[in-house]
Amino acid sequence: MSDDAAPTPSTGPTTGSGPEAPAGSTPPSGQASASPQASTRTADPLRGSRTSGIWVAVVGLGLVLLLLVIFIAQNTQTVNVAFLGWEGTAPLSVTLLAAAVGGLFLAVAAGTLRILQLRRRVRRDKRA
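Residues numbered from 1 in each chain as written. Predicted model: local features only at pLDDT ≥ 70, side-chain atom pairs only at ≥ 80, totals over all residues. Heavy atoms only, no water.

J.: Explain the overall build of the protein chain to me, please; I cannot follow it from the model alone.
T.: Of the regular secondary structure elements, the protein chain holds three helices and two strands. For the protein chain, the sequential pattern of α-helices and β-strands runs α-α-β-β-α. Relative to its 128 residues, the protein chain shows a buried fraction of 4%. Put simply, of all contacts in the protein chain between residues at least 6 apart along the chain, 11% involve residues at least 24 apart. (Helix = DSSP H or I, 4+ residues; strand = E, 2+ residues; numbered from the N terminus. Buried < 20%, exposed > 50% of the residue type's maximum accessible area, 1.4 Å probe, protein only. Contact = heavy atoms within 4.5 Å.)

Below is the structure:
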């Protein structure tokens, strides 16, 4: 049997609070801690933060960039492109990426207009 599984003998009743509690121990679930900040810190030591959110975003964008480079490298053949009377030739990957960026700008414009509309409505409702 390992040492981790063996029960340790108790030297006396401990409640998890007071001077007999070992340093660094947490109070039993029925007891409240002395300060709300302390309970928040001990409740979830691995909680998310802005830094962790930025790290996830950087890793995600790095993966997207890698996939983009692979896409460009595999689609180098030249195609004919026509748009509103303009005609020319360009690599397939460049034309597809330009179309995707154009669609992204349209989506951002629509989303921004909707956010502004909702903010205006909230401000108007607060005044009333």
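J.: Could you clarify how one ought to interpret the side chain of Thr95 in this entry?
T.: Tracing the backbone through its elements, the reader meets Thr95 in helix 3 (residues 92–127). At 2.7 Å, the side chain of Thr95 and the backbone oxygen of Leu92 are in polar contact. Not counting the four nearest positions on each side in its chain, Thr95 is found in contact with Val79, Val81 and Ala90. (Polar contact = N/O pair within 3.5 Å; in protein donor to acceptor, adjacent residues only side chain to side chain.)

J.: Sorry, what's going on with the confidence of the model for the protein chain here?
T.: A low pLDDT score tells you not to read the predicted coordinates there in detail. The pLDDT averaged across the protein chain works out to 76; a share of 66% of its residues lies at or above 70. Here helix 1 (residues 36–43) stands out as the element of the protein chain with the lowest mean pLDDT, 58, in contrast to helix 3, whose mean of 90 is the highest. (pLDDT = per-residue confidence, 0-100.)

J.: Quick question: what am I supposed to make of the pairing of strand 2 (residues 86–91) here?
T.: If a strand is regular, its side chains alternate between the two faces of the sheet. Where strand 1 (residues 78–83) meets strand 2, six bridges bridge the pair, whose relative direction is antiparallel. Residue pairing for strand 2: Thr78 is matched across the bridge by Pro91. Once strand 1 ends, the chain turns through two residues before running back antiparallel as strand 2, passing Leu84 with a positive phi of about 50 degrees. (Pairing = 2+ DSSP bridges.)

J.: Teacher, can you tell me more about the side chain of Ser93 here?
T.: With respect to the secondary-structure elements, Ser93 resides in helix 3. Using a relative accessible area of 2% as the deciding quantity, one classes Ser93 as buried. Leave out the neighbours within four places in its chain, and Ser93 touches Phe71, Ile72 and Asn75.

J.: Would you mind showing me how to read unusual backbone geometry here?
T.: Peptide bonds are mostly trans, and most non-glycine residues show a negative phi. Within the chain, Leu84 stands out as a residue other than glycine whose phi angle is a positive 50 degrees. Within the secondary structure layout, Leu84 lies in the loop between strand 1 and strand 2. Residue classification places Leu84 among the exposed positions, given a relative accessible area of 72%.

J.: I tried to follow the packing of helix 2 (residues 50–74) against helix 3 on my own but got confused; where do I start?
T.: The N-to-C vectors of helix 2 and helix 3 enclose an angle of 135 degrees; their axes lie 7 Å apart at closest approach. It follows that helix 2 is oblique to helix 3 by the angle criterion. Residues Leu68, Phe71 and Ile72 of helix 2 lie in contact with helix 3, whose contacting residues are Ser93, Leu96 and Leu97. Among the residues forming the contact of helix 2 with helix 3, the class breakdown is five nonpolar, one polar and no charged. (Axes fitted to C-alpha atoms, helices over the stretch in contact; angles between N-to-C directions. Parallel < 35°, antiparallel > 145°, perpendicular 65-115°, else oblique. Nonpolar A, V, L, I, M, F, W, Y, C, P; charged D, E, K, R; others polar.)

J.: Quick question: what am I supposed to make of a nonpolar patch on the surface here?
T.: A surface patch of nonpolar side chains, amounting to about 910 Å² of accessible area, comprises Ile54, Trp55, Val56, Val58, Val59, Leu63, Leu66, Leu67 and Ile70. By the secondary structure assignment, Trp55 is in helix 2. Overall, the relative accessible area of 58% leaves Trp55 in the exposed class. (Patch = residues over 30% accessible without salt bridge, like charges linked within 9 Å, V, L, I, M, F, W, Y side chains within 5 Å. Areas by Shrake-Rupley, 256 points an atom, 1.4 Å probe, with all protein chains shown as cover. Salt bridge = Lys/Arg side-chain N within 4 Å of Asp/Glu carboxyl O.)

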